[in-house]
Amino acid sequence: MSAKTAALMPETQHVPSQNRFLRRLFSNPTTLIGLTLVLGALVCAIFAPVIAPKDPYARDLSKYVLAPSAEHLFGTDDVGRDILSRVIYGAQISLKISLIAQGVGILIGVFVGLITGYFGGWLDTLIMRVVDIVMAFPLLIIVIALIGVLGPSENNIILGLAVVIWPNTTRLVRSQVLSLKEAEFVTAARSLGSADAGIIFRHILPNVISPVVVYATLGLGGIILAEASLSFLGLGSAQQATPSWGKMLTESRAFIRSAWWMPLYPGIAILLTVLGFNLLGDGLRDALDVRSK
Amino acid sequence: MTRYLVSRIVQLLPTILGIYLLTFFMMRILPGDPAQFLEGDRGDEQSMAETRRRLRLDEPILVQLAAYLGDTLQGDLGRSFITNQPVSDMIGRAFVPTIQLALTATTIALILGVPLGVVSAVRQNSIWDALSRLVALVGVSIPVFWLGLQMQVIFGVQLKWIPRISGYGIDERLILPAISASLGMIALLTRITRSTLLDVLNQDYIRTAKSKGLANLRVLTRHALVNALLPIVTVWGTSLAGLLSGALLVETIFSWPGMGRLLVDSIGARDYPMIQGLVIAFALIYAGINLLIDLFYPFIDPRIRY
Amino acid sequence: MKHRLLLGVLLLLLALPVLVLAQENTTVTTAFAESQPNTLDPHAARIADEFLVMRNVCEGLVNYDPVTLEPVPALAESWEISEDGLVYTFNLRDGVTFFDGSTLDAADVKYSFDRLSDPALGTSYTAGLILRDVAGWAEARPVAPSVAEGTPTPEPIPPALAISGVAVVDEMTVSITLSKPVTSFLVRLTLPGGVIISEGSADGVDFLATGPTCTGPYSVASFTPGDSLTLVANENYWAGAPDVKQAIIRVIPEVSTQVIEFEAGNLDIVTVPPSDLPRIRADEALSAALYEVATLSNFNIRINLKDPKMGDVRVRKALSMAIDRQAIVDSVLAGQGVPAVGLYPPGLSTHDETFNPFPRDIEAAKALLAEAGYPDGIELSIRNDQEEVSNRVINAIAATVAEAGITLNLVATEASVYTEDRTACTMEMGYIRWGMDYPDPENMTVLLLPNAATRVNCGYGEVDVAAQIGELVGQGVSMPLGEERDAIFNEIERIAMDAVLIIPIYHGVSTSLVNPRLGGQPIDNNGTRRFVFIELE
């Protein structure tokens, strides 16, 4: 049983029809702004080679730390690379890492949280002990261990981040399920003879989804920044030249006072992307929630 | 209740043991070697061998484990490979600044985050809603080290409002790191407050209360906020636990001698006993806070019983 | 909490005038340059932050002159060297007292050197640098028995043996006998490991809490790891009590914060990262506080000579010729360095301005690569730890060699992982930040010989010129200082650069900001902050 199966199930009073969902989603202007920002980042990522004015890897020491100009709209960095082009290419790696890691982590987290919260008992005890162990482990140790053993690569960073993400989600979902499973509409469904799977995915899942969406979208920026801290600690992608926003930001912090443009533009890229995901997440939440309005 | 408490503490033991063993083997599988770190660039093969001997790193791994475990069971976490100080002393020294920073930061976050969330939920889709969300969002999106350094320049060098801008002390030196550490949490709390409050506000029984003509404010406090407390407390607790295991960047930028820096330094040095001790300390902190939260649930939501 | 904060701010505002006054008095505040000391045991000190404390707190028989760096009398008032250069007899200074009140005598010296040679202490590499040519070193420091597989109870480290080459002649005279004549021995004695501590003062002592019991101008008043270390002046210092009565060395891990603290008036001496230098030079007040010291160093690339690509001298030479050293110094280093094309930094007698084996020549580099079988360019990789400035330098190197068709990829890992791979020969090259241990050209030849101390140790013993270099070094080490000795070391340099055993990049310059109220020489020519040489008006 998965979320996909749930979507295929007959509609209930708790799940809005697709049309109503889309109408709600696009009726809110802030949602549209969010969607635009996210799409903008995605376009940068996908069409980077077309959009970027310069080669993001081309170093030229004669262009060492140049302030923004017509030639280089965002200025150049400490090996003379064009920051605008690097910011555009940076969308690729930053989005890839954050989206995949968050997606995998959240999927696992929601599924496990639903199961463990609903059924309780020894399964709950066992799973929560595993959650405890993983959550009590500092992120750093987990990622260093994964990268140390599997080798430094983007995929292993994603794996490491996903390992850290799921227990948080599980806890959040579980605490919701705990209070929901005693709610009237659930006990009613149960007394009417609904199967457990049906109750979990038809009645409980729609009611826990909005905090999870909020949590997931808000976490995306955190992951972009976490990736930055990891590269700062030498645990980012092995390729030093690869432009990720987080890495551009951490590496340029020594220039924060002498060349403001170096940390500023990747910072703005992160800010706008995080903002986009958040506004979009808000819109999704309002659209998903049948009880509002 | 007491039975629940006892069972939770009993459940904690295998968790701690699991963490202990996992850390032990993880550290020894990892590339990097404490003797290499200690000897640094200039150590030759003989001094490396001597250091490995002195740290007992050349012994079979199970012998090392037995020795470690034996000492730990007697309450001795050993000595740091790097400083040769007792691990428990070093953790204790770092714990005090850590908890001071974490409590201050979470308090700031609660004071700012929850009201922002309430405002934006009650005035949903208004300009206040947008503003509250924007404040929270900008806080979480600004990279902490960028903001931290900028605040140091503005308040320390330019305005000279804060004479000492880095270092440890329960005085003006706490202000900037606490604000920096609270930013991520403010956004989280605002969002979760708004989101769950909206859920609750739109539930039938609140509508019923409203239709019965209860005053808006009383509806909020009596029903909505109390019900929204559950996720707020959960988020607050996990954030506190997160900050207690070290606000690494904040500690580094503001020279705050907390557990995050201790952990990073220890990992970099492959200081096995120190890492082992810190991981156990984090596990205990984390378990303790979660136990407190779980014990708190029934007070908020009577439907939850243990 | 809020109230306490408010109270704190209020109290501070009240205390502000006092703080401003304190700036006027005899306290100097600075920060550790790298991280913080892990030990305050002088015989175990290894890293720059520990050396900083030892240089201010302790002294050996000889010390170095802060300007010329030549050995000058310290705890030994004078010394004689035997005809054959093997026996050094030191006459100790009268009336020198340790911090514990006891008076310096020969037994303290013997105790300190015996302790330095004890492998069970986790002794520093400086022990080897000081004592390896002293008679009895091999016996005092046998190779520790390693544990055989499956042995349940390992042998303890054998108890320390006194080093026989260091002998008490009479109460105030000590002799040190070498196993072979070594010209640089006196210079090596100035290393932090060579300091003298009071007899018995190390037994059962927690150095981090108390600091060492030495004779220097300052003693450790307190150390709070992660926060700060405080030194207080030794009013009984034999050379006279210093002007600066208290020195606070703070732990500030973030370099940018150090500079900001200087600008806020909270630090008197800080190191400046090159990225901030252009801004500081443009600021009138700040540029007046700049203090530059050329360090005896060679930042270079050591090579895995067994690697199929880098084992070819043509590839190494092409790489070296493709590097635009001047452009790197001018850009990422902001002038904090001078281009290096040989072994020896300016300041050593063996430094030769005219020696230039690697003039930048892109066409010649391309031709060499083509000859070596890479007509379409070559992709190379270089390892480093995570030190930011050196990673910037490597990226800049990559930028300049790209013109010659060389793609240079940087792989930056944690320091302990980089170090661990040094004998594994899994890397093509490694970046080395070599600051000289002591100012003698022989210390630079370490980079040319098989040596685990250099993080890349692959094939250096097997290369055809290795035997020749080894022999010349052996000769040079024992020769008296002078032109003849310098000629030997210059010959070594020529051979090594012909074979491109290392690729030198630059000699470092350390740049600091120093509060103009500090007169005298706050930073010696070794780049070390020395509070004793600070003069206050």
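Residues numbered from 1 in each chain as written. Chains lettered and ligands numbered in written order. Predicted model: local features only at pLDDT ≥ 70, side-chain atom pairs only at ≥ 80, totals over all residues. Heavy atoms only, no water.

1. Side note on the overall build of chain B
Secondary structure summary: chain B contains 13 helices and zero strands in total. From first element to last, N terminus to C terminus, chain B shows the α and β order α-α-α-α-α-α-α-α-α-α-α-α-α. For chain B, the spread of C-alpha atoms along the three principal axes comes to 85 × 60 × 30 Å. A burial count over chain B gives 58% of its 306 residues as buried. Expressed as a percentage of contacts within chain B between residues at least 6 apart in sequence, the contacts between residues at least 24 apart total 71%. Between the mean site of the 26 positive side-chain charges and the mean site of the 21 negative ones, chain B shows a separation of 16 Å. (Helix = DSSP H or I, 4+ residues; strand = E, 2+ residues; numbered from the N terminus. Buried < 20%, exposed > 50% of the residue type's maximum accessible area, 1.4 Å probe, protein only. Contact = heavy atoms within 4.5 Å. Lys, Arg positive; Asp, Glu negative; His and termini not counted. Charge placed at Lys NZ, Arg CZ, Asp CG, Glu CD.)

2. A short note on the interface of chain A and chain B
By a widely used convention, the size of an interface equals the accessible area lost when the partners come together. At the junction of the two partners, chain A supplies 51 residues and chain B supplies 56 residues. Surface buried jointly by chain A and chain B totals about 5,000 Å² across both partners, of which 69% is contributed by carbon and sulfur atoms. For the pair chain A and chain B, the number of links is one salt bridge. Between arginine 171 of chain A and aspartate 294 of chain B there is a salt bridge whose closest N-O contact spans 3.5 Å. Viewed at the interface, chain B and chain A are joined by two residue pairs in polar contact (both at pLDDT 80 or more). At the level of elements, α5 (121–136), α6 (139–150), α7 (154–180), α9 (196–232), α10 (245–251) and α11 (261–288) of chain A are the ones that each hand at least two residues to the side of chain A that touches chain B. Per-element tally for the side of chain A that touches chain B: the top contributor is α11 of chain A, with 11 residues. (Buried area = accessible area lost by both parts, 1.4 Å probe. Salt bridge = Lys/Arg side-chain N within 4 Å of Asp/Glu carboxyl O. Polar contact = N/O pair within 3.5 Å; in protein donor to acceptor, adjacent residues only side chain to side chain.)

3. Observations concerning the state of the cysteines
All names here are of chain C. With the rule as written, the count across this model stands at two disulfides over all chains. Across the disulfide from cysteine 58 sits cysteine 214; the S-S distance is 2.0 Å. One disulfide, between cysteine 58 and cysteine 214, carries an S-S torsion of 75° and so falls in the right-handed class. Here the residue cysteine 58 occupies a position in the loop between α2 (48–57) and β2 (62–64), and cysteine 214 occupies one in the loop between α7 (207–210) and β8 (218–224), the gap between them amounting to 156 residues. Grouping residues by exposure puts cysteine 58 and cysteine 214 together as buried. Covalent S-S linkage joins cysteine 425 and cysteine 458, the inter-sulfur distance amounting to 2.0 Å. (Disulfide = S-S within 2.5 Å.)

4. Focus: the domain arrangement of chain B
All names here are of chain B. Its domain assignment divides chain B into domain 1 (16–73) and domain 2 (90–300). Put simply, the middle of domain 1 and the middle of domain 2, counted by C-alpha atoms, are 36 Å apart. Across the contact, 15 residues belong to domain 1 and 11 residues belong to domain 2. Counting each side, the surface lost to burial between domain 1 and domain 2 is near 1,300 Å², with a carbon and sulfur contribution of 73%. Across the contact surface, domain 1 and domain 2 share zero salt bridges. Listing elements by their share of the side of domain 1 that touches domain 2, those giving two or more residues are α1 (2–29) and α2 (34–39). (Domains from an automatic or database assignment.)

5. Let's talk about the nonpolar core
Counting residues in hydrophobic clusters, the biggest one holds 311 residues, and the most contacted among them are Leu114 of chain A together with Leu61, Phe113, Ile469 and Leu501 of chain C. Each of domain 1 (16–73) and domain 2 (90–300) of chain B contributes no fewer than three residues to this core. Formed by 13 residues, the second largest nonpolar core is a distinct cluster that contains Ala31, Val270, Ile280 and Leu513 of chain C. (Core = buried A, V, L, I, M, F, W, Y, C linked by side-chain atoms within 4.5 Å.)

6. Some points on the environment of leucine 66 of chain A
All names here are of chain A. With respect to the helices and strands, leucine 66 occurs in the loop between α3 (29–51) and α4 (83–119). Classification of leucine 66 by relative accessible area gives partly exposed; the value is 33%. A sequence separation of 16 residues divides leucine 66 from aspartate 82, and the C-alpha atoms of the two residues are 9.3 Å apart. Every residue in contact with leucine 66, bar those within four places of it in the chain, is listed here: Gly75, Thr76 and Trp261.

7. A short note on the packing of aromatic side chains
This structure, assessed with the given rule, holds 16 aromatic pairs over all chains. With centroids separated by 5.1 Å and ring planes inclined at 65°, the aromatic side chains of tyrosine 88 of chain C and phenylalanine 185 of chain C adopt a geometry described as edge-to-face. Highlighted residues: tyrosine 88 of chain C in strand β5 (residues 87–92) and phenylalanine 185 of chain C in helix α6 (residues 185–189), separated in sequence by 97 residues. Of the residues examined, tyrosine 88 of chain C reaches a relative accessible area of 4% and is grouped as buried. An aromatic cluster of at least three residues, connected via ring pairs, comprises Phe74, Trp260, Trp261 and Tyr265 of chain A. Taking the ring centre of tyrosine 64 of chain C as reference, the NZ or CZ of arginine 530 of chain C above it sits at 5.4 Å. (Phe/Tyr/Trp six-rings, centres within 6.5 Å; stacked < 30°, edge-to-face > 60°. Lys NZ or Arg CZ within 6 Å of the ring centre and 35° of its normal.)

8. What about the interface of chain C and chain B?
Across the contact, 59 residues belong to chain C and 54 residues belong to chain B. A combined buried area of about 4,800 Å² lies between chain C and chain B, and 56% of that area is made up of carbon and sulfur atoms. Viewed at the interface, chain B and chain C are joined by zero salt bridges. At the junction of chain C with chain B, the criterion picks out eight residue pairs in polar contact (both at pLDDT 80 or more). Those elements that provide at least two residues to the side of chain C that touches chain B are α1 (2–24), α8 (255–263), α15 (415–420) and β17 (429–435) of chain C. Class assignment of the residues belonging to the side of chain C that touches chain B gives a composition of 29 nonpolar, 14 polar and 16 charged. (Nonpolar A, V, L, I, M, F, W, Y, C, P; charged D, E, K, R; others polar.)

9. Here's the deal with the pairing of strand β1 (residues 27–31) of chain C
All names here are of chain C. Burial analysis of β1 places five of its five residues in the buried class, which makes it a mostly covered element. Alternating residues of β1 divide into Thr27, Thr29 and Ala31 and Val28 and Thr30, and every residue in both groups is buried. As paired strands, β1 and strand β10 (residues 246–250) are joined by five bridges and run parallel to one another. Within the sheet, the bridge partner assigned to alanine 31 lies in β10 and is arginine 250. (Pairing = 2+ DSSP bridges.)

10. Here's the deal with helix α7 (residues 144–158) of chain B
For an α-helix the count is 3.6 residues per turn, leaving residues at separations of three or four pointing the same way. For α7 of chain B, with 15 residues, the first-to-last C-alpha span of 20 Å sits near the 21 Å given by 1.5 Å per residue. Turning to α7 of chain B, its buried residues number three or more, namely Phe145, Leu147, Gly148, Leu149, Met151, Gln152, Val153, Gly156 and Val157 of chain B. Residues of α7 of chain B that are buried in the fold lie against α10 of chain A, α8 (175–201) and α11 (248–253) of chain B together with α8 of chain C. Phi turns positive, to about 55°, at lysine 160 of chain B, one or two residues after α7 of chain B. (Expected span 1.5 Å × (residues − 1).)

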